[in-house]
Amino acid sequence: MKKYSFLILIAFQLAIASGNGNATNPPKFSSHNHILDLKEILCDACGCSASGGSMGFASILNPNFIGVRYFNQSYKSTDGLYSNSPWYEENFNTIQVWGRIPVTKKIQISALLPYHFHNRESANGKQNISGIGDATLLGMYEVFKTKNDSATVSHSVQIGAGVKIPFGKFDEANNGSINPSYQVGTGSWDYILATEYVIKRKQFGLNTMLNYVIKTENDKNYRFGNQTNYAGTFFYLVETSKFIFVPQLGFAGEIYEDNYQYNQKVRGTAGDIFMSKIGFEIGRNRWSFGANTMLPINQNLNAGRVEARYRWSVNLNYTL
C-alpha cells in the first residue's frame, strides 16, 4: 500500500507543479489571517538527528512564529542472532526550538534547533545519550497559487531546498550497534529538496508533501543513506469567535537507503515504514497548541531488527 501511495503522490505533485500562476501568500482561512502550512521535513531512521520526520516542520495556524515542540519516538530492537533473541526498548526524546520567518511574499525560511535525550536497554544495562542535535534551515518558494481567493477550490504549490548543519555529536562507538541511528547527530552536512501541494475547498483540505535528503560522509568515514519522505494529510477548519480548531487525519512514509562506512555498504541498514497519523491544532489570539500521534501500519527497518512502536508530539507557538 505504501508503494502505491508514494507513486500517486509523486505523479499528483508533478502534474500540479507543471501549472503556471502568480505566487502570493499562502491561502487564508479567515479574517484572522490564520494559515495552513504543513511543511514537513525529515529525520534519519529512529531519529538520530530527528528534526521532526513526518511529524511536520511548521505550525498549522501560525503564519510567522517562534515556538517549542517536544516529541517522542518509541522503538524496540534485537540482534536477531537466534529465534529467541531478546528485544530491547529504545526511546528517543527531542525538544526543539523552531520558527518560521517570511523573507518575501513568495519565500519563507523555517529553522529549528533540537536538543536530544535518548535512552535504551541493552544486554549491558541501560544507556543514555544527550546533547544538542543538528540544526536545520529550509527555504520554500511558492511557484503557484490560485489567483482568486474566493474560488470554490484553491491550490498552492511550493518547492524548496535546505541544509542540515552538523551541530550534534556523532559517536563512532554506536556504528556497530543494532540501531546505528542511536545518535544525537549524523556528523555530516546533509541537503534537502522539498515540494508541497495543498488543495482546499471551503473548510476541507488536503496537504501532500514529498522531500528527499542527500546525506554526505562525516569525518568518521560514515554516511547515512539518503532518505525519501512523503505524506498526505486531510484537514478540516472549525472557526468560532473565540478560537480556531483544525483536526487532521492522514498517512506518512519514509524510505531509507543503505548506510556506508569507508565506502562499503553496511548490510541491514536500509528500510521503510508506512504510518497513519492523527492530530489537531487549536489557536486563540497569538497562541496555538498542537498535538500529533503516528502509528506504524507496515515497516521493515534494519532488516527487521528494529521495530517502530509509535511517535507523538506536542507544540506551543507564539505568532510574531
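Residues numbered from 1 in each chain as written. Predicted model: local features only at pLDDT ≥ 70, side-chain atom pairs only at ≥ 80, totals over all residues. Heavy atoms only, no water.

K.L.:
How should I be thinking about the overall build of the protein chain in this particular structure?
P.N.:
Looking only at helices and strands, the protein chain features one helix and 17 strands. Burial statistics for the protein chain: of 320 residues in total, 52% are counted as buried. As displayed, the protein chain offers around 14,500 Å² of accessible surface, 58% of which is attributable to carbon and sulfur atoms. (Helix = DSSP H or I, 4+ residues; strand = E, 2+ residues; numbered from the N terminus. Buried < 20%, exposed > 50% of the residue type's maximum accessible area, 1.4 Å probe, protein only. Areas by Shrake-Rupley, 256 points an atom, 1.4 Å probe, with all protein chains shown as cover.)

K.L.:
Where do I start with the environment of Leu 193 in this structure?
P.N.:
With respect to the secondary-structure elements, Leu 193 resides in strand β7 (residues 190–201). For the pair formed by Leu 193 and Tyr 212, sequence separation is 19 residues and the distance between their alpha carbons is 5.3 Å. The contacts of Leu 193, once residues within four sequence positions are left out, are Gly 160, Ala 161, Leu 210, Asn 211, Tyr 212 and Ile 214. (Contact = heavy atoms within 4.5 Å.)

K.L.:
It is not clear to me how the pairing of strand β10 (residues 227–236) should be interpreted in this structure. Could you clarify?
P.N.:
Put simply, side chains in a regular strand alternate between the two faces of the sheet. Burial runs high along β10: eight of the ten residues are buried. Note: strand β8 (residues 204–214) against β10, ten bridges, orientation antiparallel. Pairing of Asn 207 across the sheet is with Thr 233, part of β10. Summarising the sheet, β10 and strand β12 (residues 244–256) pair through nine bridges and their orientation is antiparallel. Across the sheet, residue Ala 231 finds its bridge partner in β12, namely Ala 252. (Pairing = 2+ DSSP bridges.)

K.L.:
Looking at this structure, I do not really get the environment of Leu 137. What am I missing?
P.N.:
The topology assignment puts Leu 137 in strand β5 (residues 135–145). According to the relative accessible area criterion, Leu 137 is partly exposed, its value standing at 39%. A C-alpha to C-alpha distance of 4.6 Å links Leu 137 and Ala 111, two positions 26 residues apart in sequence. Those residues in contact with Leu 137, other than ones at most four positions away along the chain, are Ser 110, Ala 111, Gly 162, Val 163 and Ile 165.

K.L.:
It is not clear to me how the packing of aromatic side chains should be interpreted in this structure. Could you clarify?
P.N.:
Each aromatic ring pair is characterised by the separation of its centres together with the angle its planes make. This model, assessed by the stated rule, comprises 13 aromatic pairs. With a centroid separation of 5.9 Å and an interplanar angle of 75°, the aromatic rings of Phe 92 and Tyr 182 are classed as edge-to-face. One end of the pair, Phe 92, is in strand β2 (residues 88–102); the other, Tyr 182, is in the loop between β6 (153–165) and β7, with 90 residues separating them in the sequence. For Phe 92, a relative accessible area of 0% puts it in the buried group. Ring-pair connections join several aromatic residues into one group, and the members of that group are Tyr 75, Phe 92 and Tyr 182. Between Arg 69 and the ring centre of Trp 98, over which it is positioned, the NZ or CZ distance is 4.2 Å. One residue, Lys 76, lies across the ring of Trp 87, its end atom 5.4 Å from the ring centre. (Phe/Tyr/Trp six-rings, centres within 6.5 Å; stacked < 30°, edge-to-face > 60°. Lys NZ or Arg CZ within 6 Å of the ring centre and 35° of its normal.)

K.L.:
Could you clarify how one ought to interpret the confidence of the model for the protein chain in this entry?
P.N.:
Close reading of the predicted structure is inappropriate where its pLDDT is low. Mean pLDDT over the protein chain stands at 82; residues scoring 70 or higher make up 78%. Here residues 14–53 scores under 50 on pLDDT; set against residues more than four positions off or in separate chains, the count is 151 contacts. (pLDDT = per-residue confidence, 0-100.)

K.L.:
Help me understand the sheet that holds strand β9 (residues 222–223) in this model?
P.N.:
Sheets are built from strands that pair by backbone hydrogen bonding, the pairs being arranged parallel or antiparallel. If you trace the three strands from one edge of the open sheet to the other, you get β9-β13-β14, paired in antiparallel fashion. The open sheet terminates on both sides in strands that have one partner only, identified here as β9 and β14 (264–266). Bridge analysis of β9 against strand β13 (residues 259–261) gives two bridges, and the strand direction is antiparallel. Counterpart to Arg 223 in the pairing with β13 is Tyr 260.

K.L.:
I'm lost on the side chain of Asn 218 in this one. Help?
P.N.:
Turning to its location among the elements, Asn 218 is positioned in the loop between β8 and β9. By relative accessible area, Asn 218 is classed as buried at 5%.

K.L.:
Can you walk me through the nonpolar core in this structure?
P.N.:
Within soluble globular proteins, side chains that are nonpolar tend to cluster in buried spots. Ranked by size, the top nonpolar core spans 13 residues in total, and within it Tyr 75, Ala 252, Ile 273, Met 275, Leu 301 and Ala 308 carry the most contacts. At the level of secondary structure, the elements contributing two or more residues to this core comprise β12, β15 (271–284), β16 (287–301) and β17 (306–319). When sequence neighbours within four positions are dropped, the list of residues in contact with Met 275 reads Gly 250, Phe 251, Ala 252, Glu 254, Met 294, Leu 295, Pro 296, Ile 297 and Arg 311. Leu 61, Val 198, Phe 235 and Ile 244 belong to the second-largest nonpolar core, a separate cluster that totals six residues. (Core = buried A, V, L, I, M, F, W, Y, C linked by side-chain atoms within 4.5 Å.)

K.L.:
Looking at this structure, how should I read the pattern of salt bridges?
P.N.:
Any two side chains of opposite charge can pair, on the condition that their charged atoms come close. The full count for this structure, using the stated rule, is seven salt bridges. Of the charged contacts in the structure, one is a salt bridge between Lys 164 and Asp 190, with a shortest N-O distance of 3.0 Å. Of this pair, Lys 164 sits in strand β6 while Asp 190 is found in strand β7, placing the two residues 26 residues apart along the sequence. Here Lys 164 falls in the buried class, since its relative accessible area comes to 6%. (Salt bridge = Lys/Arg side-chain N within 4 Å of Asp/Glu carboxyl O.)

K.L.:
Would you mind going over unusual backbone geometry with me for this structure?
P.N.:
Residues other than glycine predominantly adopt negative phi, and peptide bonds predominantly adopt the trans conformation. Backbone geometry places Asn 221, a non-glycine residue, at a positive phi of 60°. Its place among the elements puts Asn 221 in the loop between β8 and β9. Overall, Asn 221 belongs to the partly exposed group, its relative accessible area being 28%. The backbone phi angle of Asn 263 is positive, close to 65°, even though this residue is not glycine. The residue Asn 263 is located in the loop between β13 and β14 in this model. Taking the relative accessible area as the measure of exposure, Asn 263 reaches 63% and is therefore exposed.

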